[in-house]
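# Coordinate analysis (summary)
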Amino acid sequence: MHRTIFTTPGVSTLLRGASRAWLRLAGWTVQGELTPQARKSVFIAAPHTSNWDLPYTLFAAFALRLTPYWMGKASIFRFPFGGLMRYLGGIPVDRSKSNNLVAASADALRAADGPVQLIVPPEGTRSKTIYWKTGFYWIAHSAGLPIVMAYMDYPRKLVGLGPVFQPTGDLEVDMREIKQFYAQFKGKNWQQFSHE
């Protein structure tokens, strides 16, 4: 995995303190902590309904001492912001091409030397969507890694890490349990988030 702001010595320590202070001043509460078995894991980033989700996610990642990488649409990695987005942990995804992103992501997670958390929004977009995509699930299942149910609730100003979930391979049963957990959270534009 490439070097990011989270793995740059000195910078990450400084930004951890600044992020915690900013979240506190903004009235946000950070909950949970990364368990040892989830040092390598796939994070569900939900609900994802606003551009504001990225900065809040980055602040929370510093506060929680994470080593995150996140998937974003390829267009935000174009010049002049591509280098910055990669340094923030971004991995471009070209949604117009059919490629085996699940297998490539699972292989990269297995091969990573140290802790790494791959953040994947299940909706695949900030726009209103009815069904969740299941890439995050199959990446975790293929890599043999747990899923961490990370959340953001704008009305209550909560951000944090929920339960660690080990996918069984029974998508229907597992997704029902995962979505049940997320039913309690509302994104910034909560009308765009579906629990179906």
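Here the structure is shown first, and the text comes after it.
Now for a look at the structure at hand. (Residues numbered from 1 in each chain as written. Predicted model: local features only at pLDDT ≥ 70, side-chain atom pairs only at ≥ 80, totals over all residues. Heavy atoms only, no water.)

## Description of the overall build of the protein
We apply this condition: To qualify as a helix, a DSSP run of H or I must reach at least 4 residues; to qualify as a strand, a run of E must reach at least 2; elements of each kind are numbered from the N terminus. Residue exposure (1.4 Å probe, protein chains only): buried if accessible area is under 20% of the type maximum, exposed if over 50%, otherwise partly exposed. Here the open area of atoms and residues is found with the Shrake-Rupley method and a 1.4 Å probe, where only the protein chains shown may cover a residue.
Summing up its helical and strand segments, the protein has six helices and seven strands in all. Going through the 196 residues of the protein one by one, you find that 44% of them count as buried. With an accessible surface of roughly 10100 Å², the protein has 56% of that area assigned to carbon and sulfur atoms.

## Points about the nonpolar core
What counts is decided by this rule: Side-chain atoms within 4.5 Å link the members of a nonpolar core, which is a set of buried Ala, Val, Leu, Ile, Met, Phe, Trp, Tyr and Cys residues. Contacts are residue-level and defined by heavy atoms, with any inter-residue pair within 4.5 Å sufficient.
In terms of nonpolar packing, the biggest core is built from 29 residues, with Ile44, Phe136, Ile147, Ile178 and Tyr182 touching the most fellow members. Taken together, the elements giving at least two residues each to this core come down to strand 2 (40–46), strand 3 (68–73), helix 4 (101–111), strand 5 (116–120), helix 5 (135–143), strand 6 (147–153), strand 7 (158–165) and helix 6 (171–182). With five residues, helix 5 is the single largest residue contributor to this core. Residues contacting Ile147, with those up to four places away along its chain left out, are Val42, Ile44, Phe136, Tyr137, Ala140, Pro163, Val164, Phe165, Pro167 and Ile178. Ala61, Phe62, Ile119 and Ala150 belong to the second largest nonpolar core, which has 17 residues in total.

## Details of the side chain of Asp53
We apply this condition: N or O atoms within 3.5 Å of each other form a polar contact, as long as, within protein, one can give a hydrogen and the other can take it, and as long as residues adjacent in sequence are counted only when both atoms are side-chain atoms.
Considering the arrangement of structural elements, one finds Asp53 in helix 2 (residues 53–63). Within the structure, the side chain of Asp53 is placed 2.6 Å from the side chain of Tyr154, a separation counted as a polar contact. Sequence-distant contacts of Asp53, defined by excluding residues within four places in its chain, comprise Pro47, His48, Met152 and Tyr154.

## Remarks on the pattern of salt bridges
Applied cut-off: Salt bridge, as applied in this entry: a Lys or Arg side-chain nitrogen positioned within 4 Å of an Asp or Glu carboxyl oxygen.
If you walk through the whole model with that rule in mind, you get three salt bridges. The salt bridge involving Arg110 is made with Asp107; its shortest N-O contact spans 2.4 Å. Within this pair, Arg110 and its partner Asp107 are both found in helix 4, separated by three residues, close to a single helical turn. Taking the shortest distance from any N to any O, the salt bridge between Arg156 and Asp153 comes out at 3.2 Å. Asp153 gets classed as buried once you look at its relative accessible area, which sits at 2%.

## A look at the sheet that holds strand 7
Keep this limit in mind: The criterion for strand pairing is that DSSP finds at least two bridges linking the strands in question. A fitted line through C-alpha atoms represents every axis, and for helices the fit uses only the stretch in contact; the resulting angles, taken between N-to-C directions, go from 0 to 180 degrees.
Within the open sheet, the seven strands sit side by side as 1-7-6-2-5-3-4. Their pairing is mixed. In this open sheet, the two strands that pair with only one neighbour each are strand 1 (29–31) and strand 4 (90–93). Geometrically, the sheet is characterised by an average inter-axis angle of 25° between neighbouring strands, direction not taken into account. Relative to the sheet, helix 5 contacts strand 2, strand 3, strand 5 and strand 6, its axis offset from that of strand 2 by approximately 170°.

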